[in-house]
Amino acid sequence: MRITTPSRYYYIFIYTIALGIFSINTGFSASRYSHNQCNKPAHAIRVSLQRVYDGDTVKLNSGQTVRLVGINTVEIFYVNQRRRRRQPARHMQPLALLARKTLGQLLKQSNNQIYLVYEKKRYDRYGRLLAHLFAGDTNVQAFLLAKGLAYNLPFPPNLAYQKCYFHAQKNAMKNKINLWSQPFYAPRSAKFFAGNSRSGFVLIQGKVTNAYQDTKSIWLNFKHRKISVRIANADLHYFRKKNPLSLLGKNILISGYVTKNRQKQFYYIRVRHPNSLHIFH
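Residues numbered from 1 in each chain as written. Predicted model: local features only at pLDDT ≥ 70, side-chain atom pairs only at ≥ 80, totals over all residues. Heavy atoms only, no water.

Digging into the overall build of the protein
Counting secondary structure elements, the protein contains 4 helices and 15 strands. Expressed as a percentage of the 281 residues in the protein, the buried residues total 51%. For the protein, the share of sequence-separated contacts (at least 6 apart) that also reach a separation of at least 24 residues comes to 66%. For the protein, the accessible surface area stands at approximately 14100 Å², while carbon and sulfur atoms represent 48% of it. (Helix = DSSP H or I, 4+ residues; strand = E, 2+ residues; numbered from the N terminus. Buried < 20%, exposed > 50% of the residue type's maximum accessible area, 1.4 Å probe, protein only. Contact = heavy atoms within 4.5 Å. Areas by Shrake-Rupley, 256 points an atom, 1.4 Å probe, with all protein chains shown as cover.)

So, in structure tokens, the structure goes:
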């Protein structure tokens, strides 16, 4: 996962406020957390692990690559991304190696015998398997989220453990663990967003000053219109309990990938699930 970074420590102030408020009000809330929301099902498939690429990608002895669905971890930049056997580049984002090391240690405890749980969508656009991982009875995604080494990234329609993941991240945020304690990963202000040369995962904070729906999507815009939020009409059934248009006038925190509309020259984040949006006052 590639994460774009804030250029000013101004965002530390925003970050502190957002964390404090998030611990009180999550806006789009999930139901109360319980441990059975993370349990390994009987249909989990046992496989053998060959290696850990980074915090959210592993390779099986079968040769298949597995992407841990529902989370994103800080990316390890390799000298040549097409040949991952090469050594990582020297300039490493904070906690990237710790996420990989923590995942590797967890899986090693189970003698590299892990369990996969598949859902409706089995492959991503790169041909990697999409799965929830278990080391013994431990939900790996929830473990990394609780350690503050991953971001919750809902990936419809694979949402079986979303309540579990949402609350694991919420607790890490509240307690300012790892990612949530570092200014390097502080949310960026929509007001000062200046774009980035390539798509990347970001946290954006701002007040919605314009909201409308067209034939394909709902759009949430901020005052300076440097970045927008797009919710495709195809994903609106996930927002049944809260109409995104009701966010007009609200201060929100959004997580997701930035995309540039090259035709109209603006940036936007596509949000596919309510757990990627949080309201604060």
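Resuming the write-up.
A word on the side chain of S228
Considering the arrangement of structural elements, one finds S228 in strand 12 (residues 227-232). The class for S228 is buried, based on a relative accessible area of 6%. Those residues in contact with S228, other than ones at most four positions away along the chain, are W219, L220, N221, Y267, Y268 and I269.

Some points on the state of the cysteines
Per the stated rule, a full pass over the model turns up 1 disulfide. Here C38 pairs with C164 through a disulfide, and the sulfurs are 1.7 Å apart. Between C38 and C164, the disulfide has an S-S torsion of 75° and is therefore right-handed. Highlighted residues: C38 in the loop between helix 1 (11-22) and strand 1 (45-54) and C164 in helix 4 (residues 162-174), separated in sequence by 126 residues. (Disulfide = S-S within 2.5 Å.)

Brief notes about the packing of aromatic side chains
Scanning all chains against the criterion turns up 10 aromatic pairs. Ring plane angle 80° and centroid distance 4.9 Å describe the contact between F184 and Y185, whose orientation is recorded as edge-to-face. A network of ring pairs unites the aromatic residues Y151, W180, F201 and Y257 as a single cluster. Directly above the aromatic system of Y115 lies the positively charged group of K40, at a separation of 3.8 Å from the ring centroid. (Phe/Tyr/Trp six-rings, centres within 6.5 Å; stacked < 30°, edge-to-face > 60°. Lys NZ or Arg CZ within 6 Å of the ring centre and 35° of its normal.)

Some points on the nonpolar core
Counting 31 residues, the largest nonpolar core has V58, V66, L107, I114, L116, L133 and V140 as its most contacted members. Breaking this core down by element, the ones donating at least two residues are strand 1, strand 2 (57-60), strand 3 (65-68), helix 2 (96-109), strand 5 (113-117), strand 6 (129-135), helix 3 (140-146) and helix 4. With 5 residues, strand 6 is the single largest residue contributor to this core. Excluding its chain neighbours within four sequence positions, the residues that come into contact with L116 are A44, I45, V47, L60, V66, A131, H132 and L133. Counting residues in each nonpolar core, the second largest holds 21 residues, with F193, L220, L247 and Y267 among its members. (Core = buried A, V, L, I, M, F, W, Y, C linked by side-chain atoms within 4.5 Å.)

Side note on the confidence of the model for the protein
The predicted model of the protein has a mean per-residue pLDDT of 84, with 79% of residues at 70 or higher. When pLDDT is averaged over each helix and strand of the protein, the minimum, 45, is found for helix 1 and the maximum, 98, for strand 3. Note on residues 5-35: pLDDT is under 50 here. Beyond four places in sequence and across chains, it has 64 contacts. (pLDDT = per-residue confidence, 0-100.)

With respect to the pattern of salt bridges
Two side chains that carry opposite charge are able to pair once their charged atoms sit near each other. Taken as a whole and assessed by the stated rule, the structure comprises 5 salt bridges. Among the salt bridges present, the one from D56 reaches R67, with a minimum N-O distance of 3.7 Å. You can see D56 sitting in the loop between strand 1 and strand 2 and its partner R67 sitting in strand 3, a full 11 residues away along the chain. One exposure class covers both D56 and R67, and it is buried. A salt bridge links D235 to R270; its shortest N-O distance comes to 2.8 Å. Within this pair, whereas D235 is found in the loop between strand 12 and strand 13 (251-261), its partner R270 is found in strand 14 (residues 266-270), the two being separated by 35 residues in sequence. Several salt bridges share partner residues, and in doing so they unite D235, R270 and R272 into one network. (Salt bridge = Lys/Arg side-chain N within 4 Å of Asp/Glu carboxyl O.)

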